[in-house]
Amino acid sequence: MRTITEILNAIEAHAECAIAQELLRMKKEVRQLRPSLCPDDQEHANALLLKLERLVSEQMVVVPDDAALEERFQSAAQAA
């Protein structure tokens, strides 16, 4: 049987190459585990949640509103 530390380490290792949807699932799993963990493992889980959140935010794309997007296209068309 694997220890909690091994499970959290495995999640962390997989997170490095995971897509946003997987990262969100991992966050949910870690949150569900956290209440049943000892204090040291809870700290590890908390740190892992922060890392997962950072990885998710790095993959998020900010989409500009339509007016700003159209303005950029018009500027580019005029320049061409």
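Residues numbered from 1 in each chain as written. Predicted model: local features only at pLDDT ≥ 70, side-chain atom pairs only at ≥ 80, totals over all residues. Heavy atoms only, no water.

Undergrad: Would you mind going over the nonpolar core in detail, with residue names and values included?
TA: Ranked by size, the top nonpolar core spans 14 residues in total, and within it A15, L23, M26, V30, L48 and L52 carry the most contacts. Looking at this core, the elements that each hand over two or more residues are α1 (4-15), α2 (20-33) and α3 (39-59). Top element by residues in this core is α3. It accounts for 6 residues. Ignoring sequence-local partners within four residues, the contact set of L23 consists of A15, A18, L52, L55, V56 and Q59. (Core = buried A, V, L, I, M, F, W, Y, C linked by side-chain atoms within 4.5 Å. Buried < 20%, exposed > 50% of the residue type's maximum accessible area, 1.4 Å probe, protein only. Helix = DSSP H or I, 4+ residues; strand = E, 2+ residues; numbered from the N terminus. Contact = heavy atoms within 4.5 Å.)

Undergrad: Please set out α1 residue by residue, giving values where relevant.
TA: Taking 1.5 Å of rise per residue, the 12 residues of α1 would be expected to cover 16 Å, and the 16 Å separating its terminal C-alpha atoms lies within 8% of that figure. Inspection of α1 places L8, I11 and A15 among the buried residues, and these make up the whole buried set. An end-on view of α1 places all buried positions within 60 degrees of arc, on one side of the element. The inward-facing, buried residues of α1 abut α2 and α3. (Expected span 1.5 Å × (residues − 1). Arc of directions from axis to C-beta.)

Undergrad: Before we move on, could you go through the pattern of salt bridges and cite the residues and values that matter?
TA: This structure, assessed with the given rule, holds 5 salt bridges. When the shortest N-O distance is used, the salt bridge between E53 and K27 registers 2.1 Å. With E53 in helix α3 and K27 in helix α2, the pair connects residues that are 26 residues apart, well separated along the chain. Accessibility expressed as a relative area gives 38% for E53, which makes it partly exposed. By relative accessible area, which is 8% here, K27 ends up buried. It is possible to trace a salt-bridge network through shared partners that takes in E12, E16 and K51. (Salt bridge = Lys/Arg side-chain N within 4 Å of Asp/Glu carboxyl O.)

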